[in-house]
Structures are given as C-alpha cells and as structure tokens.
Amino acid sequence: MPALFSDPIWRKPQAASMFPALFAGGERADVVIVGGGIMGLSTALHAARLGLSVQVLEAGEIGQGASGLNGGQVIPGLKYDPEWLLEHFGAERGEALVNFAASTANAVFELIRDEKLAVPFVRNGWIQAAHTEAALKAAANRDRQWRARGADVRLLNAGEIAAMTGAQGYLGGWLDRRAGIIDPLAYTSELARIATAAGVRIAERQKVVRLGKTAGIWRISTESGEELQARAVVLATNAYTGGLLPGLAETIVPLHSFQIATAPLPPGLAATILPQGQAVSDSRRILVYYRKSADGRLVLGGRGAWPCRQVRATGRISSGRCGGFIPACPASLSRSVGSAGWR
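Anyway, here's the lowdown on the structure attached to this text.

What counts, and at which threshold
- Residues numbered from 1 in each chain as written.
- Predicted model: local features only at pLDDT ≥ 70, side-chain atom pairs only at ≥ 80, totals over all residues.
- Heavy atoms only, no water.
- Helix = DSSP H or I, 4+ residues; strand = E, 2+ residues; numbered from the N terminus.
- Buried < 20%, exposed > 50% of the residue type's maximum accessible area, 1.4 Å probe, protein only.
- Contact = heavy atoms within 4.5 Å.
- Areas by Shrake-Rupley, 256 points an atom, 1.4 Å probe, with all protein chains shown as cover.
- Axes fitted to C-alpha atoms, helices over the stretch in contact; angles between N-to-C directions.
- Parallel < 35°, antiparallel > 145°, perpendicular 65-115°, else oblique.
- Left-handed = near helix turned anticlockwise from the far one by under 90°.
- Nonpolar A, V, L, I, M, F, W, Y, C, P; charged D, E, K, R; others polar.
- Phe/Tyr/Trp six-rings, centres within 6.5 Å; stacked < 30°, edge-to-face > 60°.
- Lys NZ or Arg CZ within 6 Å of the ring centre and 35° of its normal.
- Core = buried A, V, L, I, M, F, W, Y, C linked by side-chain atoms within 4.5 Å.
- Salt bridge = Lys/Arg side-chain N within 4 Å of Asp/Glu carboxyl O.
- Patch = residues over 30% accessible without salt bridge, like charges linked within 9 Å, V, L, I, M, F, W, Y side chains within 5 Å.
- Pairing = 2+ DSSP bridges.

### So, the overall build of the protein
No. 1: For the protein, the helix and strand inventory stands at 8 helices and 16 strands.
No. 2: Looking at the 343 residues of the protein, the share that counts as buried comes to 44%.
No. 3: The contacts of the protein with a sequence gap of at least 6 include a subset with a gap of at least 24, amounting to 71%.
No. 4: A total accessible area of about 17,300 Å² is found for the protein, and carbon and sulfur atoms account for 55% of it.

Structure representation (structure tokens):
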C-alpha cells in the first residue's frame, strides 16, 4: 500500500535545540519578533548581536512553516532583471534592489561557513533551463545584464545543459554560479541555535493573537494567555500573517506550492542526474524546479493549484511523469512516494 504524502522531505536534527523560557512577567524586551522562520530568526540574531534583548514568539515549532518546507534553493536574484528594476523603481531604489538581490546567496553561504552551521549544502550554481527559443532569448538577455555587473554567470548550449542535468530536449539555458542549494530545515534550526547562543529567547507554540501600543510600549498577547511588553515589534509572519495587524495581510500574495521526492536513487542513476549538484528551474509557464537532496533523493516542486491548507494525498511518481524532466527515470521509481504540500 503506498505511503501518504505526509512526511516532510527535510528532517530535524536528532539533537534539537532547547529554547529558553519567555521573558519573566513584567520584564520588558527591546524587541519582540512574531514568527520563528528564517526572516524572524535572522532578525533576532542580528538584533541580539547589536546588544538588544529579543524575544521570538513562534505559533508552531521552529521550522514547521514555509522556512523548513521550501525547496532550499539559494538564488541571488529577483523575478525581474536589473534593467526592469531600474526602469520601474528609478536609479536609487532600483540599484538598491539589484544590489540586495545580488548579495543574498553570499549572505547565506558566508553565514553557514563563518558560524560553522550544520547545514548540508552544495554551491555549484543554479540552472535556468530553456525549452523554447523565446525562453532561450530571455536567458540570453538575463545573462547579458548580470554579466555587465560582473556576476559569475554564463549561457549553456544544448549539449552542455544535457550533460549538466541528465535531461534531453532543452535548447540551452543559463547558469548562475553564485547560487546553490541547502537543507532549509537544517538552516532554520541552526539559525535558532545560534540566535539562542547570542541571547535570544525563543518560545514555541506561542501564537500571538493581539497587539496593542500604549504610551510608546507594545503589548503582545498570546493564545495561551501570556502577556509581554516590548519597545518594538517585528512581524515576520509572511503568509501566516492573518488579521494580526489590520491591512498587512493584504500586502501578502499567497502562492500554492507542491513538493515531491523520490526514494534515494540508485548510485548509478544518481550519477547521471545533476552530477554537479545544481538546482534547475524549468522555464515553462508553471515553473517547476528539481534538485537532489543530501541523501540522494530527486526533489521536484513548483507552483500548484492546491488550496491553502496542508495537503495529504496518496499517489506514486510514475516513470512517465518523471520522464518529463529526466528521461532516464526508470519504471522502478514508480514505487517511490513523495512528500507534503504546505501553505
């Protein structure tokens, strides 16, 4: 009987961190951060190292949300290319966006290196694969813009992309060597560990239900009845914002995603698929990515049409469907099952 698509691909470290308790009643934090994902934990870490007292409140468990469930691709860019950003936001703001986007991958991989984080990663680039002449033209335009800024990027011809992906049929593509892949749950868990070491207090299962500000002091109430005070509040809730701050949720664009993983591939087959460890994003209208995990699974994901809730499904990865990406995918993989959808 096939297993349910209910277990996350990424696994928490066996030695999970223990987090300190909430600030004592009446004790006031400099900053309360609502949301213990990558954004919230990174903010907490930097604030603590600036000498601020910081409390993180996480509604679930660390890594339970999108930060621990995503595909783990670290790509230094935005949907739009530098020239578009400059045209639409002006020289000053556009340049700031471009420079920020270009710095993101370095920030992640340097943190892993400098803090000696226990995070499986490969930094051999990201491939944008082109399946049509129009997509190949767009890749060439993107390549031109980033090369002009000194980025380590280059175009790939059909033979090169076939050798790097193991897939046949692409006309070419674009390689951004600045990019890489990580285990996102390990990264989130390790951020929590070093934030705690820096003095941050992290409280799990503390859903914030009310915010109020009186005389310059924020008052934060949780579903469990805890009451905290802070000089500043950061909402790092992203798609989980809800109605906590009126109007904020209207600025969030919800995206439905899916993620599927095979069982660990046989070594001979694994050696033919993405042998250098890059991630690939297909250029079709409904973007699909694929990569390998540290334990040798083929992970596929992208935008889907499932409703905004956790999805449990039963199914198999058929060799025919898998072959749409990796033609060498054998019939034996039809026995492999995948992982969960998420909000």
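### Quick notes on the packing of helix α3 (residues 82-114) against helix α4 (residues 133-147)
No. 1: Contact geometry of α3 with α4 gives a least axis separation of 13 Å together with a crossing angle of 65°. The angle between the axes of α3 and α4 places the two elements in the roughly perpendicular class. Once α3 is placed against α4, the crossing between them reads as right-handed. Contact with α3, carried on its side by P82, E83, V98 and A102, involves R144, Q145 and W146 of α4 and no other residues of that element.
No. 2: In terms of residue class, the contact of α3 with α4 is made up of 4 nonpolar, 1 polar and 2 charged.

### Topic: the packing of aromatic side chains
No. 1: Applying the stated rule across the entire model yields 4 aromatic pairs.
No. 2: Ring centres of W84 and F89 lie 6.3 Å apart, and the angle between their planes is 65°; on these two criteria the pair is classed as edge-to-face.
No. 3: Residue classification places W84 among the partly exposed positions, given a relative accessible area of 30%.
No. 4: Ring geometry for F109 and F121: centres 5.7 Å apart, planes at 50°, overall tilted. Linking F109 in helix α3 with F121 in strand β4 (residues 121-122), this pair joins segments that are 12 residues apart in sequence.
No. 5: Three or more aromatic residues joined by ring pairs form one cluster here, namely Y80, W84 and F89.
No. 6: Over the aromatic face of W146 sits the side chain of R178, whose NZ or CZ is 4.5 Å from the ring centroid.

### Quick notes on the nonpolar core
No. 1: Judged by nonpolar contacts, the single largest core of 28 residues is most densely connected at I112, Y187 and V200.
No. 2: If you list the elements that add at least two residues to this core, you get β1 (28-34), α1 (38-49), β2 (54-57), α3 and α6 (184-197).
No. 3: Sorting elements by how many residues they give to this core places α6 first, with 6 residues.
No. 4: In this structure V200 touches P20, A44, L45, A48, V54, V56 and A195, once residues within four positions along its chain are discounted.
No. 5: Counting 17 residues, the second-largest nonpolar core is a separate cluster that includes Y170, L175, L265 and Y290.

### Quick look at the pattern of salt bridges
No. 1: Under the counting rule described, the total for this entry stands at 15 salt bridges.
No. 2: Across the salt bridge formed by R205 and E61, the nearest N and O atoms sit 3.3 Å from each other. Here R205 is found in the loop between β9 (201-203) and β10 (208-214), whereas its partner E61 is found in the loop between β2 and α2 (66-69), with 144 residues between them in sequence.
No. 3: Looking at E61, the relative accessible area reads 36%, which means it is partly exposed.
No. 4: A salt bridge links D152 to R177; its shortest N-O distance comes to 2.7 Å. Remark: R177 occurs in the loop between β7 (172-176) and β8 (180-182) and D152 occurs in the loop between α4 and β6 (153-157); sequence separation between them is 25 residues.
No. 5: By relative accessible area, D152 is classed as partly exposed at 39%.
No. 6: Shared partners join several salt bridges into a network, and the residues in it are E61, E204 and R205.

### Digging into the environment of G90
No. 1: Structurally, G90 can be placed in helix α3.
No. 2: Sequence-distant contacts of G90, that is, excluding residues within four places in its chain, are made with L85 and E95.

### Here's the deal with a nonpolar patch on the surface
No. 1: A contiguous nonpolar surface patch, about 270 Å² in accessible area, is contributed by Y80, W84 and F89.
No. 2: Relative to the elements of secondary structure, W84 occurs in helix α3.

### Notes on the side chain of D176
No. 1: Structurally, the position occupied by D176 is in strand β7.
No. 2: Among residues more than four places away in sequence, those in contact with D176 are P76, G125, W126, D152 and V153.

### A word on the sheet that holds β10
No. 1: Strand order across the open sheet formed by 6 strands is β9-β2-β1-β12-β11-β10, with mixed pairing between neighbours. Each edge of the open sheet is held by one strand with a lone partner, namely β9 and β10. Averaged over all adjacent pairs, the angle separating strand axes in this sheet is 40°, with direction ignored.
No. 2: Two elements, β2 and β9, share 3 bridges in a ladder whose sense is parallel. In the strand pairing of β9, L57 is matched with A203.

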